[in-house]
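Summary of structural features
Residues per chain are reported as follows:
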Amino acid sequence: MSATDEFVEADNAEAIITRIEHKSRKIESLLKQWKPVEALKTALEGSPPNTRDERCKSANWIVVHRAIMAIKDLDALFSSLDPEYYDILMKYLYRGLSTGDRPTCDQCLRIHERLTERAGLGCILRSLADTANTV
């Protein structure tokens, strides 16, 4: 099986977007309950979408971005975030930095600093080297 066979075809993109919309509703509910760390975990689950379709990636970024921007307590974030999420979170932080939006960049840099302290430089290298699973 080639690397391109592993990705979902464009005709299944609607199904992926439907799952992302469901995830978005769940995240909004968690944010209304003042559970931003749980919202971020939920946003990172199943990410990045297994597709090359930019609509899906953009829809998922919007969901993750919403959760990232709601994080206020970084100690609470890293005390409850499982290490399995570190690499994917780093990828989304770099996507956030690429937007050039000042509040997004500020928040991403705050989290990036703490994530690098926690996960080490390997997390950065894995995120940058993995070009197959882009966010």
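What comes next concerns the included structure. Computed from a prediction, not measured in an experiment: that's the story for all the values here. (Residues numbered from 1 in each chain as written. Predicted model: local features only at pLDDT ≥ 70, side-chain atom pairs only at ≥ 80, totals over all residues. Heavy atoms only, no water.)

The subject of this paragraph is the side chain of lysine 57. In this fold, lysine 57 is placed in helix H3 (residues 54–70). Within the buried core, lysine 57 has no salt-bridge partner, and the shortest N-O distance to an opposite charge, that of glutamate 54, equals 4.8 Å. Among the polar contacts made by the side chain of lysine 57, one reaches the side chain of threonine 134 at a distance of 2.5 Å. Those residues in contact with lysine 57 that sit more than four places away from it in its chain are Thr51, Arg52, Arg95, Thr134 and Val135. (Helix = DSSP H or I, 4+ residues; strand = E, 2+ residues; numbered from the N terminus. Buried < 20%, exposed > 50% of the residue type's maximum accessible area, 1.4 Å probe, protein only. Lys, Arg positive; Asp, Glu negative; His and termini not counted. Salt bridge = Lys/Arg side-chain N within 4 Å of Asp/Glu carboxyl O. Polar contact = N/O pair within 3.5 Å; in protein donor to acceptor, adjacent residues only side chain to side chain. Contact = heavy atoms within 4.5 Å.)

In this structure, tryptophan 34 takes a positive phi of about 60° despite not being glycine. You can see tryptophan 34 is positioned in the loop between helix H1 (13–32) and helix H2 (36–44). Owing to a relative accessible area of 76%, tryptophan 34 belongs among the exposed residues under this scheme.

Moving on, we come to the pattern of salt bridges. The full count for this structure, using the stated rule, is nine salt bridges. A salt bridge links aspartate 75 to arginine 114; its shortest N-O distance comes to 2.3 Å. Pair noted here: aspartate 75 is in helix H4 (residues 74–80) and arginine 114 is in helix H6 (residues 102–119), with a separation of 39 residues, a long-range link. In this structure, aspartate 130 engages lysine 91 in a salt bridge whose closest nitrogen and oxygen atoms are separated by 3.3 Å. Of the two residues, aspartate 130 is situated in the segment after helix H7 (121–129) and lysine 91 in helix H5 (residues 86–98); the sequence distance between them amounts to 39 residues. Exposure remark for lysine 91: the relative accessible area of 10% places this residue in the buried category. Bridged by salt links that share partners, the residues Glu14, Asp53 and Arg55 form one connected network.

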